[in-house]
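Structure at a glance
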Amino acid sequence: MKTRSTMIWIPLIALTLLFSLVYLWYALFPGSIRPEAVQLFGMEQIQQGRDYSKGIRISYILNFMFQVLFLIWILASGRGSRLSRACEQWARGRKWLGYLVFYLVIWLLLTLISLPFTFFSGFYWQQLWGFSTQTFLSWWGDLLKESLLDLVMGGVGVCLLFLAFRLWPKTWWLICGLLFSLWLVIQSLLWPVLVAPLFNHFQPVANPEIISMVNELANKADLAIDEMLVMDASIRTTKANAYFAGVGETKRIVLYDNLLNQYPLEEVKAVIAHEMAHWQKGHIARGLFLGTLGSFLVWGGAYLVLRREMSRHHAPPLVWAVFLLFAVLVSFVSAPLQNSISRQMEIEADQTSVLLTGNPQGAIQLQMNLALKNRSDLSPPGFIEWFSYTHPSVLTRIEKINEVGGG
């Protein structure tokens, strides 16, 4: 079993190191600019997009690397084992308390490690580039709410994980796969109505022109749109966006108020059509299915690497740190696959939206304006787009729109 576990850890860590270093290299040295970008945008705009993206990318990859190095250090140095035993001794036979204390210590240390990077990319950098409309206290308030949610949900996850170890010592990974799949559905169902309102206010679209536009597009797409909401994104950012969320009774399309206030109606129509295309093509259901399939593969791998840490009747708190490192590494090295699927869905939604509106030029103008106003990298390095982009770059989106728009 040690050999089997090693055969998983070695390539996982090697790929993580390779991807991290290549990502950092291209974050620092993005390389040449595509000629198509120069034709569509000015050099000043291209450089601004690169400069803004550079800070975000460097902060992201350094944050990731420091957290992974911490987890490897605490496990390899033996300090994790000592902390695990100390938590068990302090709990005095109350196993669940020992598990939760160990989880809390690791969570706090990882949160402290990530805090400078989160502050830099989430507040300082956004303020510097004129995107953030938040005060210092408002940003900290959001971070506190996000942290509390993360802490509570992680604690519940820890309890369920160790409960599965105890009740199903040989098939716990299957049970965890089922529970995680169920959680994906519950999260998609409840996030729009329970979590999102903790951070923003939502109200139905009131503009009669937009309501008419929605009805027209819904008829073409053969969809029943229950909720089209406006979110007060302007309390935090000047950026414009929209998204489709929820399943079943909680499905809704959400538009940023910045989008409605800053963009012409034909571009707003292109956004609405894009979100309807996600709905029409069943992208959330497809994402849930693929997420479920992937989760069973991850839990199966976790079973192989965790067996070394557990006896038949005892799973020490240390198992959580081992699992966490494994999950973080798997998520990182599988990012290209996950993001490739996401980009394909976005391309499908872009092309379908053009068929719904019959206005490819409006969709192209939308992509150009979004990229410029949001300071997107107009000519990103190929590796970074392949590895981390959930949406295609603006040049790719324009190219794919032209394929169906006859441009």
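Summarised in this report is the structure supplied together with it. Just so it is clear, the structure is predicted and the values come from calculations on it, not from any experiment.

Quick word on the packing of helix 5 (residues 95-128) against helix 12 (residues 318-333)
Packing of helix 5 against helix 12 brings their axes to within 9 Å, and their N-to-C directions diverge by 40°. By the angle between their axes, helix 5 is oblique relative to helix 12. Of the two elements, helix 5 crosses helix 12, and the hand of that crossing is right-handed. Judged by residue contacts, Phe102, Tyr103, Ile106 and Leu110 of helix 5 engage Leu318, Trp320, Ala321 and Leu324 from helix 12.

Thoughts on the environment of isoleucine 347
Mapped onto the elements, isoleucine 347 comes out in helix 13 (residues 335-357). In the structure, isoleucine 347 is positioned 86 residues away from asparagine 261 in sequence and 26 Å away in space, judged by C-alpha atoms. Once residues lying within four places of it in the same chain are set aside, the contact partners of isoleucine 347 are Pro392 and Lys400.

Concerning the sheet that holds strand 4 (residues 252-256)
Spatial strand order, 1-2-4-3: 4 strands in an open sheet with mixed pairing. Each of the sheet's edge strands pairs with one partner strand only, and the pair in question is strand 1 (202-204) and strand 3 (242-245). Strand-to-strand twist of the sheet, defined as the mean angle between neighbouring strand axes without regard to direction, takes the value 30°. By the bridge criterion, 4 bridges tie strand 3 to strand 4 in an arrangement that is antiparallel. Bridge pairing in strand 4 places phenylalanine 244 opposite isoleucine 253. Relative to the sheet, helix 10 (residues 265-280) contacts strand 2 (228-231), strand 3 and strand 4, its axis offset from that of strand 3 by approximately 20°.

Observations regarding the packing of aromatic side chains
Remark: the centre distance and the inter-plane angle together describe each pair of aromatic rings, the angle taken between the planes. Following the criterion strictly, the structure yields 38 aromatic pairs and no others. Measuring from centroid to centroid gives 5.5 Å for tryptophan 96 and tyrosine 99, while their planes differ by 80°, and the two rings are edge-to-face. One end of the pair, tryptophan 96, and the other, tyrosine 99, are both in helix 5, 3 residues apart, so they sit about a helical turn from each other. Looking at tyrosine 99, the relative accessible area reads 8%, which means it is buried. Taken together, a centroid distance of 5.5 Å and an interplanar angle of 35° make the contact between phenylalanine 119 and phenylalanine 123 tilted. On the criterion of helical spacing, the pair formed by phenylalanine 119 and phenylalanine 123 is a turn pair, its members being 4 residues apart in helix 5.

The rules behind these values
- Residues numbered from 1 in each chain as written.
- Predicted model: local features only at pLDDT ≥ 70, side-chain atom pairs only at ≥ 80, totals over all residues.
- Heavy atoms only, no water.
- Axes fitted to C-alpha atoms, helices over the stretch in contact; angles between N-to-C directions.
- Helix = DSSP H or I, 4+ residues; strand = E, 2+ residues; numbered from the N terminus.
- Parallel < 35°, antiparallel > 145°, perpendicular 65-115°, else oblique.
- Left-handed = near helix turned anticlockwise from the far one by under 90°.
- Contact = heavy atoms within 4.5 Å.
- Pairing = 2+ DSSP bridges.
- Phe/Tyr/Trp six-rings, centres within 6.5 Å; stacked < 30°, edge-to-face > 60°.
- Buried < 20%, exposed > 50% of the residue type's maximum accessible area, 1.4 Å probe, protein only.

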